[in-house]
Amino acid sequence: MRKFELFDYDDLLNLHKALMEAKFHDNPDNEYVAGSPIIAKIMNEIVDILTDIDPYAKKEDWERWRKLENHICYENGIYLKTLVKVSKDKLWEKYNNEEKIVATKNYFSPFIITDKEIDEFINAVEIKKNSN
């Protein structure tokens, strides 16, 4: 097995940007990237590392950036884009509540989402799915 490592801050930041684009793009080529548990894990790890090594920002800046509440723009933001993607997810209907919670966290990674935001999002997905 070969190992892949990044040591340069700029390389890691650009990988982070590419993954953000892949996860939150309006019209993705691969619809499974957004909710992938593997991509969610990788993105969380990357942001954890960036938080620790960023020479230009404080740890608090990254912590603030990670809060989903700082990215909710209902017209064209991450929340709405994710709601649209999840409402098309054919597996969602098969999930129990715990699996929906995990899936929601995966869809929103690397953002930190509160329990209240998770509940509201799951309810919004159910409403959207039932209206289609």
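All of the points below concern the structure found in this document. Just so it is clear, the structure is predicted and the values come from calculations on it, not from any experiment.

Thoughts on the layout of surface pockets
Inference 1: Approximately 560 Å³ is the volume found for the largest pocket.
Inference 2: For the lining of the largest pocket, the secondary structure elements donating two or more residues are α4 (78-87) and α5 (97-108).
Inference 3: Residues that form the lining of the largest pocket fall into these classes: 10 nonpolar, 5 polar and 8 charged.
Inference 4: The volume enclosed by the second largest pocket comes to roughly 220 Å³.
Inference 5: Lining the second largest pocket, in full, are Phe4, Glu5, Leu6, Leu12, Leu15, Ile42, Glu45, Ile46 and Ile49.
Inference 6: Those elements that place two or more of their residues in the lining of the second largest pocket are α1 (9-24) and α2 (37-53).
Inference 7: Sorting elements by how many residues they give to the lining of the second largest pocket places α2 first, with 4 residues.

Regarding the nonpolar core
The nonpolar side chains of a soluble globular protein tend to be buried, and buried together.
Inference 1: By size, the foremost hydrophobic cluster in this structure holds 30 residues, and its most contacted members are Leu50, Phe108 and Phe121.
Inference 2: Contributing elements (two or more residues each) for this core: α1, α2, α4, α5 and α6 (115-131).
Inference 3: If near-sequence neighbours (up to four positions away) are discounted, phenylalanine 121 is found in contact with Tyr79, Thr82, Leu83, Val86, Thr104 and Phe108.

Conventions used here
- Residues numbered from 1 in each chain as written.
- Predicted model: local features only at pLDDT ≥ 70, side-chain atom pairs only at ≥ 80, totals over all residues.
- Heavy atoms only, no water.
- 1 Å grid on protein atoms, 1.4 Å probe; cavity = no way out; pocket = protein on both sides within 12 Å on 5 of 7 lines; lining within 4 Å.
- Points joined across faces, edges and corners; volume = space filled by probe spheres on them.
- Helix = DSSP H or I, 4+ residues; strand = E, 2+ residues; numbered from the N terminus.
- Nonpolar A, V, L, I, M, F, W, Y, C, P; charged D, E, K, R; others polar.
- Core = buried A, V, L, I, M, F, W, Y, C linked by side-chain atoms within 4.5 Å.
- Buried < 20%, exposed > 50% of the residue type's maximum accessible area, 1.4 Å probe, protein only.
- Contact = heavy atoms within 4.5 Å.

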